Amino acid sequence: MRHYLDHAFAILGAMIVAIFATIMVLIFLQVINRFFLGLPLFWTEEVVRMLLVWLVLMGTPVVVYKCDEIKVELFQFRRVRFEMVRRTVVSTLSIIFCLFLAYWGYLFMERAMGAMQPSLGISRAWLYAPIPLGSVLTIIAFIVRRDEVRGPLDIEEVV
């Protein structure tokens, strides 16, 4: 099972790299066309904005799965069991936040289904779709990741 999860999140990571590369190409094209050719591409700004939203919200589950999120630890406990409780509480609060984000993001996406992107002619829901999707994938990543709570801690047990 772990092999399939690693593979699935690796594919999602590759998609993130492809989205980032596409953003860079579109920005480069936009600069060349606007400042050198004098022919601005009107649709690139909307596509880049949409891809940035997809990049962040699809990248979050990958970062969480790999336990690479930024951690600011104000309190570090010397006892392993307190440290495990602290990490579990943080993960639980993060999952609760993602549940709220998924719910409200879905409602927001649902309201946007009737509106169209002006220059692209596609539904605005595509701009908001990564909010609930990324939130659900992040919840899954929190549940199945190789969390340091389950693995060895780098804190020695002080008796």
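Structural data are supplied above this passage.
The rules behind these values
Residues numbered from 1 in each chain as written. Predicted model: local features only at pLDDT ≥ 70, side-chain atom pairs only at ≥ 80, totals over all residues. Heavy atoms only, no water. Salt bridge = Lys/Arg side-chain N within 4 Å of Asp/Glu carboxyl O. Helix = DSSP H or I, 4+ residues; strand = E, 2+ residues; numbered from the N terminus. Expected span 1.5 Å × (residues − 1). Contact = heavy atoms within 4.5 Å. Core = buried A, V, L, I, M, F, W, Y, C linked by side-chain atoms within 4.5 Å. Buried < 20%, exposed > 50% of the residue type's maximum accessible area, 1.4 Å probe, protein only. Bend = angle between axes of the 7 residues up to and from the residue. 1 Å grid on protein atoms, 1.4 Å probe; cavity = no way out; pocket = protein on both sides within 12 Å on 5 of 7 lines; lining within 4 Å. Points joined across faces, edges and corners; volume = space filled by probe spheres on them. Nonpolar A, V, L, I, M, F, W, Y, C, P; charged D, E, K, R; others polar.

## Some points on the pattern of salt bridges
Here comes step 1: Summed over all chains, the structure comprises 2 salt bridges.
Here comes step 2: A salt bridge links Glu45 to Arg34; the shortest N-O distance between them is 3.0 Å. Of this pair, Glu45 sits in helix α2 (residues 44-65) while Arg34 sits in helix α1 (residues 2-36); the two residues are 11 residues apart in sequence, bridging distant segments of the chain.
Here comes step 3: Glu69 serves as the salt-bridge partner of Arg145, at 2.8 Å between the closest nitrogen and oxygen.

## A look at α1
Here comes step 1: Between the first and last C-alpha of α1 there are 50 Å, a value that for 35 residues agrees with the 51 Å anticipated at 1.5 Å per step.
Here comes step 2: If you follow the buried residues of α1, they end up packed against α2 and α5 (130-144).
Here comes step 3: Just downstream of α1 lies Gly38, where phi reads positive at about 70°.

## Here we look at the nonpolar core
Here comes step 1: Grouped together as the largest cluster of nonpolar side chains are 31 residues, with contacts concentrated most on Phe9, Ile19, Ile23, Leu51, Trp54, Tyr65 and Tyr128.
Here comes step 2: Secondary structure elements with two or more residues in this core: α1, α2, α3 (80-112), α4 (125-128) and α5.
Here comes step 3: Residue contributions to this core peak at 11 residues, all from α2.

## Section: α2
Here comes step 1: Taking 1.5 Å as the rise per residue, α2 with 22 residues should run 32 Å; its terminal C-alpha atoms sit 31 Å apart, in good agreement.
Here comes step 2: The sharpest bend along α2 comes to roughly 25°, located at Gly59, with the proline Pro61 sitting one to four residues further on.

## Details of the layout of surface pockets
Here comes step 1: Counted as a void, the largest pocket has a volume near 450 Å³.
Here comes step 2: Forming the walls of the largest pocket are 25 residues, and the residues nearest its centre are Glu69, Ile70, Val90, Ser94 and Phe142.
Here comes step 3: Of all the secondary structure elements, the ones that give two or more residues to the lining of the largest pocket are α2, α3 and α5.
Here comes step 4: No other element matches the 8 residues that α3 contributes to the lining of the largest pocket.
Here comes step 5: The class makeup of the residues in the lining of the largest pocket is 11 nonpolar, 6 polar and 8 charged.

## Some details on unusual backbone geometry
Here comes step 1: Positive phi values are uncommon outside glycine, yet Cys67 reaches one of about 60°.
Here comes step 2: Within the secondary structure, Cys67 is located in the loop between α2 and α3.
Here comes step 3: By relative accessible area, which is 13% here, Cys67 ends up buried.

## Side note on the side chain of Gln30
Here comes step 1: Here Gln30 is to be found in helix α1.
Here comes step 2: The class of Gln30 is buried, set by a relative accessible area of 13%.
Here comes step 3: Ignoring sequence-local partners within four residues, the contact set of Gln30 consists of Thr44 and Glu45.

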